[in-house]
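# A closer look at the structure
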Amino acid sequence: IENESIDNEENQPEATDVRLHFVAVGDNIVHEAAYTDAERIADERGLGERYYFDTMYENFKETFINADVSFINQESMLGGDVYRVSGYPSFNTPDEMGDTLERLGFDVVNLASNHSYDMRGQGLLNCINYFKSTPIMTIGAYESREDYDNIRIFEKDGIKIIKAKDTLYKLE
């Protein structure tokens, strides 16, 4: 019996080119001026939403939608109605921002940031739970150890992408 080297070219799978158009957006943080403008736009257009952020991304919309994978770092959490909407220094972003991210075609949202805990554990949990109701995968913040141990793998055209950033907070 002869052992063939694993380096033997005959034993290697045929190489194929697979390309992904990956778009990444950093630090999507909603200051008071942004949510005030989004509130005004929603009211002027009679959209039935409290806030409408889509127009702020209009120049980039096609880029996000046409990408194979669109990733965004959601710097400020969607803390829910338990807390009032707020900007600097302790951010609480309206849920309508999540609606905008979904309409723009984002696939993966990172929740690990220095503002993840601005609205404490409940605000972070509200944000995690909001995104569970969408097709968007979240990484970087988890509701439990079991959730943390569930490694997120995003797959597109045979290419697998896994999480790369975490924030550690004890939720009580």
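A brief report on the enclosed structure follows.

This part takes up unusual backbone geometry. It is generally the case that most residues other than glycine have a negative phi and that most peptide bonds are trans. Note the cis peptide between Y88 and P89, where omega equals 5°. Within the secondary structure layout, P89 lies in the loop between β2 (69–73) and α3 (96–103). Residue D27 is not a glycine yet carries a positive backbone phi of 50°. Inspection of the secondary structure puts D27 in the loop between β1 (22–25) and α1 (32–45). Using a relative accessible area of 48% as the deciding quantity, one classes D27 as partly exposed. Here the phi dihedral of R120 falls at roughly 60°; this positive angle occurs in a residue that is not glycine. Tracing the chain through its elements places R120 in helix α4 (residues 120–132).

Spatially, 4 strands are ordered β1-β2-β3-β4 in an open sheet, and the strand pairing comes out parallel. Each having just a single partner strand, β1 and β4 (137–139) make up the two edges of the open sheet. Between one strand and the next, the sheet's axes are offset by a mean angle of 20°, whatever the strand orientation. Of the strand pairs in this sheet, strand β3 (residues 108–110) and β4 are connected by 3 bridges, and their pairing is parallel. Along β4, the bridge assignment pairs V109 with T138.

Moving on, we come to the pairing of β2. Residues in a regular strand point their side chains to alternate faces of the sheet. Where burial is concerned, most of β2 is hidden: 5 out of the 5 residues are buried. In β2, alternate side chains face the same way, and those of V69, F71 and N73 on one face and S70 and I72 on the other are all buried. Alignment of β1 against β2, held across 4 bridges, turns out to be parallel. Bridge pairing in β2 links A24 to F71.

So, how was this worked out
- The residue numbers shown here count from 1 along each chain, following its written sequence.
- Where local features are concerned, this predicted model is filtered to residues with pLDDT of at least 70; where side-chain atom pairs are given and counted, the filter is 80 or more; whole-chain, interface and lining totals use all residues.
- Each side-chain value is worked out from all heavy atoms of the structure, with water and hydrogens disregarded.
- For helices the rule is a DSSP run of H or I covering at least 4 residues; for strands it is a run of E covering at least 2, with both sets numbered from the N terminus onward.
- Buried, partly exposed and exposed residues are distinguished by accessible area as a fraction of the type maximum, computed with a 1.4 Å probe on protein chains only: under 20%, between the cut-offs, and over 50%, respectively.
- The criterion for strand pairing is that DSSP finds at least two bridges linking the strands in question.
- Note on definitions: angles span 0 to 180 degrees between N-to-C directions of axes, and those axes are lines fitted to C-alpha atoms, for helices only across the stretch in contact.

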